[in-house]
Amino acid sequence: MSLFSPRRYQAPFKPMRRTEEDTLLIRVFTAGEGLIKGALFSCRMCGNCLLQETAFICPMTCPKGLRNGLCGGATPEACEVDSTRPCTWYKIYERSEKMGREHKLLEINAPVDGNKVGRETWLDVVRTWREVEESPQIKDFFGNREKWDEDWERVFYKIRQPDWWEGDSEYHPPAYEEPASVLEANLRTGKFTCTAEIAPPLSVSPSMISKKVGWMNEYVAAANFTDNASATPRMGSLASSKICLEAGLEPVMQLQARDRSRALIESDALGAAGLGIRNILCLTGDHHRFGPNPNIKPDQFDMDSIQILWMLRRMRDKGVYIDGRSIKNRPVFFLGAAGSPFGAPPKYEAIRAEKKINAGAQFIQTQPVFDYNRFVEWLEALDKRNLLDKVYILAGITPIKSARAAHFMVDVPGVVIPEPLIKRMDESGDKEGQQEEGVKIALEIIEKLHSTPGVNGLHIMAIHWEDIVARLIEEAGLPKPSIKTLPQEE
Ligand code: SF4
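Because the structure is a prediction, the values reported are computed rather than measured. (Residues numbered from 1 in each chain as written. Predicted model: local features only at pLDDT ≥ 70, side-chain atom pairs only at ≥ 80, totals over all residues.)

Asker: What exactly am I supposed to notice about the overall build of the chain here?
Answerer: Across its full length, the chain holds 16 helices and eight strands. A compact globule built from 490 residues would reach a C-alpha radius of gyration of about 23 Å, and the chain, at 24 Å, matches this within 12%. Taking the principal axes of its C-alpha atoms as reference, the chain extends roughly 70 × 50 × 50 Å. Contacts in the chain between residues far apart in sequence, at least 24 positions, make up 78% of those at least 6 positions apart. (Helix = DSSP H or I, 4+ residues; strand = E, 2+ residues; numbered from the N terminus. Rg over C-alpha atoms; globule rule 2.2 N^0.38 Å. Contact = placed C-beta atoms within 7 Å.)

Asker: Looking at this structure, I do not really get the sheet that holds strand S3 (residues 251-256). What am I missing?
Answerer: Whether parallel or antiparallel, the strands of a sheet pair through hydrogen bonds between backbone atoms. Spatially, eight strands are ordered S1-S2-S3-S4-S5-S6-S7-S8 in a closed barrel, and the strand pairing comes out parallel. The sheet shows a mean angle of 30° between the axes of neighbouring strands, direction not considered. Here strand S6 (residues 363-368) runs beside strand S7 (residues 392-397); their pairing, made up of four bridges, is parallel. Paired with Phe 363 across the two strands is Tyr 392, which belongs to S7. Each of S3 and strand S4 (279-283) is contacted by helix H9 (residues 262-274), which is oriented at about 170° to S3, the strand it contacts most. (Pairing = 2+ DSSP bridges. Axes fitted to C-alpha atoms, helices over the stretch in contact; angles between N-to-C directions.)

Asker: How should I be thinking about the environment of Leu 335 in this particular structure?
Answerer: Its place among the elements puts Leu 335 in strand S5 (residues 334-339). The sequence separation of Leu 335 and Gly 414 amounts to 79 residues, and the corresponding C-alpha distance is 22 Å. Discounting residues that sit within four places of it in the chain, Leu 335 has contacts with Ile 280, Cys 282, Leu 309, Leu 312, Arg 313, Gly 360, Ala 361 and Gln 362.

Asker: What is the right way to look at the packing of helix H3 (residues 122-131) against helix H5 (residues 145-160) in this model?
Answerer: How two helices pack is summed up by the angle between their axes together with the distance between the axes. Between H3 and H5, the shortest axis-to-axis distance is 9 Å and the interhelical angle comes to 125°. Viewed along their axes, H3 and H5 adopt a mutual orientation that is oblique. The way H3 lies across H5 gives a crossing that is right-handed. Here Asp 124, Val 125, Thr 128 and Trp 129 of H3 lie close against H5, whose contacting residues are Val 155, Lys 158 and Ile 159. The residue inventory of the contact of H3 with H5, partitioned by class, reads four nonpolar, one polar and two charged. (Parallel < 35°, antiparallel > 145°, perpendicular 65-115°, else oblique. Left-handed = near helix turned anticlockwise from the far one by under 90°. Nonpolar A, V, L, I, M, F, W, Y, C, P; charged D, E, K, R; others polar.)

Asker: I keep staring at the site of the ligand and nothing clicks. Help me out?
Answerer: In the region of the ligand, 14 residues are neighbours, and Cys 62, Cys 71, Ala 74, Cys 79 and Cys 87 sit closest. Split into classes, the residues belonging to the shell around the ligand amount to ten nonpolar, two polar and two charged. (Near = placed C-beta within 6 Å.)

Asker: How should the packing of helix H11 (residues 346-359) against helix H12 (residues 372-384) be read in this particular structure?
Answerer: Close contact between H11 and H12 brings their axes to 9 Å; oriented N to C, the two are set at 55°. Our classification of the angle between H11 and H12 gives oblique. Helix-helix and strand crossings are classified by hand; for H11 and H12 the assignment is right-handed. Contact residues: H11 offers Pro 346, Lys 347, Glu 349, Ala 350 and Ala 353, while H12 offers Glu 377, Trp 378, Ala 381, Leu 382 and Lys 384. By residue class, the composition of the contact of H11 with H12 is six nonpolar, no polar and four charged.

Asker: I tried to follow helix H1 (residues 24-41) on my own but got confused; where do I start?
Answerer: Since the α-helix turns once every 3.6 residues, residues separated by three or four places project in the same direction. With 18 residues, H1 ought to run about 26 Å at 1.5 Å a step, and its terminal C-alpha atoms sit 25 Å apart, in line with that. Residues of H1 that are buried include every one of Thr 30, Lys 37 and Phe 41, and no others. Buried residues of H1, seen end-on, are gathered within an arc of 40° and therefore sit on one face of the element. Across from the buried face of H1, at angles greater than 90 degrees, the exposed residues are Leu 24, Leu 25, Val 28, Ala 31, Gly 32, Leu 35, Ile 36 and Ala 39. Positive phi shows up at Ser 42, right after H1, with a value of about 55°. (Expected span 1.5 Å × (residues − 1). Buried ≥ 20, exposed ≤ 12 C-beta atoms within 10 Å, placed from the backbone. Arc of directions from axis to C-beta.)

Laid out in structure tokens, this is it:
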């Protein structure tokens with residue numbers, strides 16, 4: 001444990017390679033800096049310091065190395081990956097709130113620059129201080145505090161926001177006019193729109209996907225394909241999405257950061273666009289600890305969901321790769337993110353949602369709603385930040401298939417099922433009775449969501465029960481999608 005941060009999850013980084021600039025003096029200086037920052041902040045020497053943005057708590061102590069906010073499974077008690085430690089990001093939010101620095105949490109922070117890891121940063125500050133046009137002057141600290149703050153910020157913005165990233169705290173509306181996808185076209189009509197999830201098969205069976213697409217094609221605007229959720233390998237999201245497209249339904253390809261470098265994320269996104277897959281849901285991904293053993297080595301997160309959104313939006317709207325190279329034929333994406341109404345307190349989740357929307361999220365699909373009142377609190381927190389006009393909200397719905405499934409889901413990070421609903425499932429009799437109760441509960445929640453201002457549609461996650469989607473939509477009296485192809489594709 002250090003003075004200001006939770007303890008490190010992994011050892012400090014070492015430089016990737018030695019250069020001629022690594023003189024003995026610099027190496028000794030770097031070791032000294034590492035010792036001091038280790039004792040104060042549990043610093044991992046990422047070389048891309050964000051301490052001023054994160055209330056002086058090192059975000060790299062998070063087991064996923066998240067640099068833009070907490071994950072969906074964070075709780076006030078502990079980190080979802082390692083229950084013996086607190087959630088780093090909970091601490092950051094709490095201290096930022098106490099210090100009145102919450103606004104600083106909105107800036108989109110860059111992924112780590114591998115060339116800087118393990119290297120000193122203090123000399124970098126001195127160099128940048130000298131380089132910037134108007135560097136902070138000590139006299140202003142006492143005489144003109146506003147100017148001092150501005151000049152100070154200029155120095156540190158340059159340090160933490162490299163030219164290849166240019167992160168900020170602003171909203172960037174999409175730079176295109178016509179809808180990018182059928183899903184976007186349906187949402188733009190203002191009609192309540194549904195999507196549904198299809199779990200990619202655990203084996204090589206494309207016919208399984210086509211069959212499930214057939215069950216729901218008439219009822220939903222698009223089908224999501226998870227990307228090795230729970231760190232468990234299945235048929236890939238890209239391949240599944242392509243099979244779905246060929247079966248006549250638009251896919252939402254989930255693209256997660258876990259197990260992918262930034263180069264692979266760009267490559268997969270471009271590949272998807274090339275195959276005609278327009279909807280991409282950007283996720284950080286579950287930690288490997290939730291997957292089957294043997295487990296992978298630690299530190300497998302190169303980016304987080306917010307960074308993916310920022311990168312893909314810039315590929316689409318600015319036509320640039322993360323490294324600045326230009327893209328000749330820009331990809332067309334309709335970008336989405338996951339929403340977590342039942343994770344951290346709504347005020348914290350709303351900061352994270354705002355960051356996702358600013359980075360590029362155009363639609364949000366939420367965790368399944370069982371606790372309607374808590375969902376509304378989250379929605380109100382988003383509304384307070386004027387976010388509901390900038391993003392389409394698709395509220396998550398999961399019909400509970402059995403009492404056993406209800407008990408299992410209670411332990412899923414970010415899912416909250418109120419006790420009375422569990423009791424209803426427990427008391428609903430045999431298998432058939434339990435399924436009917438699950439449908440009844442789902443229909444009751446759908447009815448409320450359908451008339452909730454700010455909700456644009458549903459995202460139905462009927463886990464291993466995809467044939468129930470059509471029945472839910474029919475019985476709830478929800479509209480079917482009115483647009484099935486884009487004008488340019490007719
Ligand atoms: S709960 Fe999530 S965000 Fe918090 S420290 Fe653990 S991995 Fe990081």
